[in-house]
Amino acid sequence: KWPVDLCSAKAVRKCVRFDQLIVSLSGTSNVDANSVYAHKIYNYSDLCVGYNFCNVLLHDENGCLIAEPSLLDMVQEQEGGGGEPLNEEKSRHYSKDIMIL
């Protein structure tokens, strides 16, 4: 069970300690079957506590699963609320390079 004393964005942020976090991804291209790689370095200031990315997979009118690219950079506050306030400057920044926790 999640500790009661960590039920706020401020408390969670205080417990997270890192200078940089490196995320590496690898996969296979659907175009030519070549291996593809990417990595992103996140700094502590890129952290956004209390949000999750929106689901980009939806069902169309025929029931087929589709990806909605317009939702790729969209975040929503986690269930139960308590996310950090996002001001206009942070919102612009978070639409590009964020790490959600």
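The structure we're discussing is the one just above.
All values reported here derive from a predicted model rather than from experimental measurement.

K.L.:
Any chance you could explain the packing of aromatic side chains here in plain terms?
P.N.:
Centre distance and the angle of the planes are the two values used to describe a pair of aromatic rings. A complete count under the given rule lists one aromatic pair for this structure. Where phenylalanine 18 meets tyrosine 44, the ring centres are 5.8 Å apart and the plane angle is 65°; that geometry is what we call edge-to-face. In this pair, phenylalanine 18 is assigned in the loop between α1 (9-15) and β1 (20-28) and tyrosine 44 in the loop between β2 (35-43) and β3 (47-48), connecting sequence segments 26 residues apart. The residue whose ring lies beneath arginine 13 is tyrosine 44, and the NZ or CZ to ring-centre distance is 5.0 Å.

K.L.:
Would you take a moment to explain the pairing of β2 for this structure?
P.N.:
Looking down a regular strand, the side chains alternate between one sheet face and the other. With nine bridges joining them, β1 and β2 adopt antiparallel strand pairing. Paired with glycine 27 across the two strands is valine 36, which belongs to β2. Remark: six residues form the turn of the hairpin made by β1 and β2, two consecutive strands paired antiparallel; alanine 33 in that turn has positive phi of roughly 65°.

K.L.:
Just checking my understanding: could you explain a nonpolar patch on the surface for this structure?
P.N.:
Among the surface-exposed residues, Leu21, Val23 and Leu25 lie close enough to one another that they form a single nonpolar patch of about 230 Å² accessible area. Of note, leucine 21 is situated in strand β1.

K.L.:
Hey, could you run me through unusual backbone geometry in this one?
P.N.:
Leaving glycine aside, a negative phi is the common case for residues, and trans is the common case for peptide bonds. We note that alanine 33 has phi near 65°; this positive angle belongs to a residue other than glycine. Within the element layout of this structure, alanine 33 appears in the loop between β1 and β2.

K.L.:
Looking at this model, I keep getting lost on the pattern of salt bridges. Mind explaining?
P.N.:
Pairing of side chains with opposite charge becomes possible as their charged atoms draw close. Applying the stated rule across the entire model yields one salt bridge. Across the pair glutamate 84 and arginine 13 runs a salt bridge, and its minimum N-O distance is 2.5 Å. One end of the pair, glutamate 84, is in the loop between β7 (75-77) and α2 (88-94); the other, arginine 13, is in helix α1, and 71 residues separate them in sequence.

Rules used in this analysis
- Residues numbered from 1 in each chain as written.
- Predicted model: local features only at pLDDT ≥ 70, side-chain atom pairs only at ≥ 80, totals over all residues.
- Heavy atoms only, no water.
- Phe/Tyr/Trp six-rings, centres within 6.5 Å; stacked < 30°, edge-to-face > 60°.
- Helix = DSSP H or I, 4+ residues; strand = E, 2+ residues; numbered from the N terminus.
- Lys NZ or Arg CZ within 6 Å of the ring centre and 35° of its normal.
- Pairing = 2+ DSSP bridges.
- Patch = residues over 30% accessible without salt bridge, like charges linked within 9 Å, V, L, I, M, F, W, Y side chains within 5 Å.
- Areas by Shrake-Rupley, 256 points an atom, 1.4 Å probe, with all protein chains shown as cover.
- Salt bridge = Lys/Arg side-chain N within 4 Å of Asp/Glu carboxyl O.

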